[in-house]
Every structure is written in structure tokens, then in C-alpha cells.
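Single-letter residue listing:
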Amino acid sequence: MKIIAADVLVTCPGRNFVTLRIQTEEGIYGLGDATLNGREMAVVSYLREHVVPCIIGRDPFETEDIWQYLYRGAYWRGGPVTMTAIAAVDMALWDIKGKALNTPVYNLLGGKSRNRVLVYGHANGVDIAETSDEVAKYVALGYKAVRAQTGIPGLSSTYGVAQEKLYYEPAATGLPPENLWSTEQYLLHVPKLFERLRLTFGDDLHLLHDAHHRLTPIQAARLGKSLEPHHLFWLEDAVTAELQEGFRIVRHHTTTPLALGEVFNSIWDAHILITEQLIDYIRMTIVHSGGITHLKKIAALAEIYHVQTGCHGATDLSPISMAAALHFDISIHNFGIQEYMRHTKETDDVFPHAYYFADGYLHPGDKPGLGVDYDVKLAERFPYARAYLPVNRKLDGTMWNW
Ligand code: KDG
Ligand code: MG
């Protein structure tokens, strides 16, 4: 087979998505997600200017060599923009392979290791009572696992708490919104949330929480310890993990399972965390970590060290990423859980897809390739609009991690 063209398509059905469509001489096309929230046009330009010219004429079946060409051949390798662009190419090529061989991508990755993919939804409220009501709604929808976030007294806005409940989307048009942060208030309040949730929902429901990179290692250790009686499925992104060794401190002090990695781009962001068994779940995802080709290798390394996967699956990953994650999740052995934040109807209409939710699980569907399409005409009705994620400041004005 031969690649003859590749288009970079941008649409905004409620939020921005970037899609790479690779066309072959044989008439088969493949789709890859290239969305990097708040920095979308950097990836558009990287793909159009620097990647597309290099793949024209190549055989789309050569996923490994094309991956190595784009990674090693760049000289300035790594980073979110590059790895998102490589991921988009990689996803589209796996999609083409599946369509050409008339089989779902999971069959090319080893076949099904399970029948369905356990997912978690997002419950959030301005206070503990509202969060508890939101958890109840997810339980009623059939979810077996729910991430819970609550507003913090004294803070006008908190990560993970939004107006729109099912479709939470933190990016906004205009300049970045500013949030306020108090670690002490947060550390005092969050254990009360989980105490209440366990009293209300009992022990069987899986509960998760995202600290969104805001703590130091010893603060994360304190939070993990205080959450132990409520046996969380995981505590996510407790500390920014630029210093992977920092997690030795957290690990030393708590048995709360730790999840990390949605902002990582390559195995080099996670190798110490994995090989020293400092985390329990690796959250790297197809779109920001170099595609299926790279994530397969990361999962294989993690498997040896008792680390399971828990791919990022927020609304800023398009349905193409969600489909790619599901084919990956269902095929690997050390799958843990998949995040599933629902897309809006407008987004689902632009990206018709074969995957579906039933009884707390997602199913990738059985269409050849990734099983997602792109409605070009409809997408054109939603033009790109620049949007930023919020920034965060401590109460005294110091810039902090959002
Ligand atoms: O674009 C940023 C979001 O993807 C991120 O804030 C969502 O932390 C997140 C999560 O766990 O889904
Ligand atoms: Mg997160």
C-alpha cells in the first residue's frame, strides 16, 4: 500500500479537536487524533509543515519504522507537540491496517484479553452533598467506578468542579481563567468527602480522586494516609512527576494506590516510576504518548513491574483517541481501568463511532480498524476557537500548578 495524502482537520463542536486523515492509493483512509488541549495549532503546524511531507509515498503497514523515523529522525525529539503528532500518524496507520485486513485493531494487537473495558465516570459538586448526589447519578447509570471531586470551602473554584456535569470541559475562550488554591484547605476537606461517600455507597463502589499535580511528596503522603480507611481505587497525580524519584517518599508512607502519567509523553517520563514500583497505574494515553506503537511497549514494561494501565480519557481526547484506547485496553494483559468522560452529542455527531457503553463498561465494537469516522461537512460548521486551560495561584498570588 502507499500513502498519497494527509490532511489536518480542525473543528470545534463545543471544544477544539485536531484530526489527521491519511489517504492511501488503494482508497482506504485512516484517522488519528492530534488534539493537545490549549495548544492545538502547534500540533497542526508541526504536522502540516514537518510530518506530512515525510510520510507521503510510505507504506502505511510499516508502523514501527515510520514511528522510529518520526521520533529518532526529528533530532529535537520528544515533548507534547511532537509526540501528539507522532501519535496521530500512528493511530491513523493502525486504522488503515485494520481496514485493509478487514478486522478490528484489537485483533492486530494480540486479540481480546477480556470481554469489556471497565470505565470510571466523573462526579463533581460544589460541596460534599452535591458531589454525593452526582455519584448517585453515575451509580444509577450503571457505573462501577466513579471519580469524585468537590469544591473546597474558601476557594471560589476548584479543579474538577464544573457547571456541566456529564461533559466537564475545563478549557475556555479568552485568556486563561485564574483559579485559586489552598493546599491546607484541600487536605482538610477531601478525606471528609470520601468518608461521606463510603457511608452512603458502601464498600463495593470503586472510588477515585485526582489531586491534579498540586501537592508536594510529603503532602501527598499525608493525603494518601488519610484516605486509607476509604480504600480508594487510586489517588491520581498527587505530585507533578517531573522528579520521578519524589514518589519514593509518597510510596514509603501510604498504601493508597497511586496513578500517574496523563501529561507524560514517552517512556522516559515514567521508567523510574515503573521499574521501582512507585506507582500502581500508568495513565499515559495513546494521543499524547506517541500512539499505539509506543504505548504497547510501555504497557509491556509496566506488566513486568505489577503496574496496570489506566488511560487518560477526558473530553479533550477525541472519540478517535477513545476508540484507540479501547482497542488497546481490551488487548493487553495488564489493563486496569479506562477513564470515560462523555463527549457532547455535537462531538459524537462529528465523530460517529462503533464503541458503546453498557452496564459500567465500554466495548470497542467490531468494525474494521478503529471504528470511528469523521463527518467533514458537519465538522466545517464548527470553526476553531482559541481556548486555554485555567492557570492556578495560591492565596498569596504565587503561581502554582493547575
Ligand atoms: O486537558 C486537561 C484535562 O485532560 C485534564 O485536566 C483532565 O486531569 C484530567 C483527568 O484526569 O481527566
Ligand atoms: Mg487527571
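Residues numbered from 1 in each chain as written. Chains lettered and ligands numbered in written order. Predicted model: local features only at pLDDT ≥ 70, side-chain atom pairs only at ≥ 80, totals over all residues. Heavy atoms only, no water.

## A few points about the nonpolar core
Core analysis: the biggest nonpolar cluster contains 93 residues, and Y186, F194, F247 and I282 have the highest contact counts within it. A total of eight residues in this core trace back to one element, the largest contributor, which is helix α11 (residues 319–331). Looking at this core, you find at least three residues from each of domain 1 (3–104) and domain 2 (108–367). Look past the residues within four positions of F247 in its chain and what remains in contact with it is V239, A241, L258, L260, L273, L278 and I279. Among the nonpolar cores identified, the runner-up in size contains 27 residues, and V8, V44, Y46 and M83 belong to it. (Core = buried A, V, L, I, M, F, W, Y, C linked by side-chain atoms within 4.5 Å. Buried < 20%, exposed > 50% of the residue type's maximum accessible area, 1.4 Å probe, protein only. Helix = DSSP H or I, 4+ residues; strand = E, 2+ residues; numbered from the N terminus. Domains from an automatic or database assignment. Contact = heavy atoms within 4.5 Å.)

## Comments concerning the site of ligand 1
Taken together, 16 residues are adjacent to ligand 1, and N37, H212, E262, D316 and E339 come closest. At 3.0 Å from an oxygen atom of ligand 1 is found a side-chain nitrogen or oxygen belonging to D210. One of the side-chain N or O atoms of R283 is found 3.1 Å from an oxygen atom in ligand 1. Isolated, ligand 1 exposes 330 Å² of accessible area, and the fraction of that covered by the protein chains is 95%. Among the residues making up the shell around ligand 1, the classes are represented as five nonpolar, four polar and seven charged. (Near = heavy atom within 4 Å. Polar contact = N/O pair within 3.5 Å; in protein donor to acceptor, adjacent residues only side chain to side chain. Areas by Shrake-Rupley, 256 points an atom, 1.4 Å probe, with all protein chains shown as cover. Nonpolar A, V, L, I, M, F, W, Y, C, P; charged D, E, K, R; others polar.)

## Remarks on unusual backbone geometry
Negative phi values dominate among residues other than glycine, just as trans dominates among peptide bonds. With a phi close to 55 degrees, Q277 is a non-glycine residue in the positive phi region. Mapped onto the secondary structure, Q277 falls in the loop between α9 (271–275) and β11 (281–282). Positive phi, close to 60 degrees, is recorded for H306, a residue that is not glycine. Within the fold, H306 resides in the loop between α10 (291–304) and β12 (308–309).

## With respect to the domain arrangement of the chain
Segmenting the chain into domains produces domain 1 (3–104) and domain 2 (108–367). Taking only C-alpha atoms, the centre of domain 1 and the centre of domain 2 are 26 Å apart. At the junction of the two partners, domain 1 supplies 31 residues and domain 2 supplies 32 residues. Across the domain 1 to domain 2 interface the summed buried area is about 2,400 Å²; carbon plus sulfur atoms make up 65%. (Buried area = accessible area lost by both parts, 1.4 Å probe.)

## Things to note about the pattern of salt bridges
Under the defined criterion, the tally for this structure stands at 17 salt bridges. The closest approach of N and O atoms between D65 and R58, which form a salt bridge, is 2.9 Å. Judged by its relative accessible area of 43%, D65 falls in the partly exposed class. Overall, R58 belongs to the buried group, its relative accessible area being 18%. (Salt bridge = Lys/Arg side-chain N within 4 Å of Asp/Glu carboxyl O.)

## Considering a nonpolar patch on the surface
Together, L141, L166 and Y167 give the surface a local cluster of nonpolar side chains, amounting to about 230 Å² of exposed area. Owing to a relative accessible area of 31%, L166 belongs among the partly exposed residues under this scheme. (Patch = residues over 30% accessible without salt bridge, like charges linked within 9 Å, V, L, I, M, F, W, Y side chains within 5 Å.)

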